[in-house]
Amino acid sequence: MQGIETKHPPGVICIVTGELFRYSLAAQAIQNLRVPPGTIVSWQSGVLIANGVNMGFRVLMERPELQWMWIMGDDHTFHPDVVLTLLGHEKDVIAPVCLARLPPFDPVIVEHDHQPKGRLKYLEDLPIGPGIYKLRPEETCGDAGLLIRRNVVEALAPEKQGGEEWYARKKSGAHSAEDQEFIAKVKDAGFDIHVDLGTM
């Protein structure tokens, strides 16, 4: 990673992987990432993704100077300026457009008004061109590239949630993955989720 002089405060790059890192291009993208000076990497490996993200949030909470966390796995590539771009929008929670890895390659925004399990939002249903898309009440999304500000993490801290961790390690309910369940939890706490349509 390269520290770039910017008005933005430092944060945590939370890399969540299994016991082995899968894709070399993802490692290259992380190496080339441009971030505010003072930003640290919290590398979490293991079979439980939710546990890894929770560990990253704990790292953030232990260091008051760190003001955001960016979540990334080992199966994505991205532009070196993606974090700086997302920070520039000044949103509490924002993600790049992330596409499914199988045809028809729709974005990983899930519309839960389609029963029984919801469906991916069609790419053609998103506004055309760059801009910010605010998730509708019935929509959730994945967490690849999700940038979340410290104030949101603090609001959802276990001591404020009856001991419940940020990410449920045992998913339950209507959501099909722990990241979508987390997004629903963030929205229930009164925060909006945005997607940067110009960033993939």
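This text goes with the structure placed above it.
These lines cover the structure that appears in this document, whether it is placed above or below. (Residues numbered from 1 in each chain as written. Predicted model: local features only at pLDDT ≥ 70, side-chain atom pairs only at ≥ 80, totals over all residues. Heavy atoms only, no water.)

Observations regarding the overall build of the chain
Point 1. Within the chain one finds five helices and twelve strands.
Point 2. In summary, the chain has a C-alpha radius of gyration of 16 Å against a globular reference of 16 Å for 200 residues, a match within 12%.
Point 3. With the principal axes as the frame, the chain shows a C-alpha extent of 45 × 40 × 35 Å.
Point 4. Taking all 200 residues of the chain together, the buried fraction comes to 48%.
Point 5. Partitioning the intrachain contacts of the chain with sequence separation of at least 6 by distance along the chain shows that 74% fall at a separation of at least 24.
Point 6. Accessible area for the chain stands at about 9900 Å²; split by element, carbon and sulfur atoms hold 54% of it.
Point 7. With 20 positive and 27 negative side-chain charges, the chain shows a separation of 2 Å between the mean positions of the two kinds. (Helix = DSSP H or I, 4+ residues; strand = E, 2+ residues; numbered from the N terminus. Rg over C-alpha atoms; globule rule 2.2 N^0.38 Å. Buried < 20%, exposed > 50% of the residue type's maximum accessible area, 1.4 Å probe, protein only. Contact = heavy atoms within 4.5 Å. Areas by Shrake-Rupley, 256 points an atom, 1.4 Å probe, with all protein chains shown as cover. Lys, Arg positive; Asp, Glu negative; His and termini not counted. Charge placed at Lys NZ, Arg CZ, Asp CG, Glu CD.)

Quick look at the layout of surface pockets
Point 1. Approximately 690 Å³ is the volume attributed to the largest pocket.
Point 2. Around the largest pocket, the lining is made up of 29 residues, and of these Asp-75, His-76, Arg-101, Asp-143 and Asp-179 lie nearest the centre.
Point 3. Ranked by residues supplied to the lining of the largest pocket, first place goes to helix H5 (residues 178-188) with three residues.
Point 4. When grouped by side-chain class, the residues that make up the lining of the largest pocket number 15 nonpolar, seven polar and seven charged.
Point 5. Of the pockets and cavities examined, the second largest pocket occupies roughly 150 Å³. (1 Å grid on protein atoms, 1.4 Å probe; cavity = no way out; pocket = protein on both sides within 12 Å on 5 of 7 lines; lining within 4 Å. Points joined across faces, edges and corners; volume = space filled by probe spheres on them. Nonpolar A, V, L, I, M, F, W, Y, C, P; charged D, E, K, R; others polar.)

Details of empty space enclosed by the protein
Point 1. Within this structure, the stated rule accounts for one cavity of 30 Å³ or more.
Point 2. In this structure, the largest cavity spans a volume of roughly 70 Å³.
Point 3. Class assignment for the residues of the lining of the largest cavity results in ten nonpolar, one polar and no charged.

Side note on the sheet that holds strand E7 (residues 109-111)
Point 1. A sheet is described by the order of its strands in space; here three strands give the open sequence E8-E7-E10, paired in antiparallel fashion. If you trace the sheet from one side to the other, it starts and ends with strand E8 (119-120) and strand E10 (139-141), each paired once.
Point 2. Where E7 and E10 come together, three bridges link them in antiparallel fashion. Each bridged residue has a counterpart across the sheet, and for Val-110 the counterpart in E10 is Thr-140. (Pairing = 2+ DSSP bridges.)

Side note on the pairing of strand E2 (residues 12-17)
Point 1. Burial of E2 is extensive: six of the six residues sit out of reach of the surface.
Point 2. The sheet contact formed by E2 and strand E4 (residues 40-45) spans six bridges and is parallel. Following the sheet pairing, Ile-13 is matched in E4 by Val-41.
Point 3. As defined by bridge partners, E2 adjoins strand E5 (residues 68-72) across four bridges and the pair is classed as parallel. Across the sheet, the residue bridging to Cys-14 is Ile-71, located in E5.

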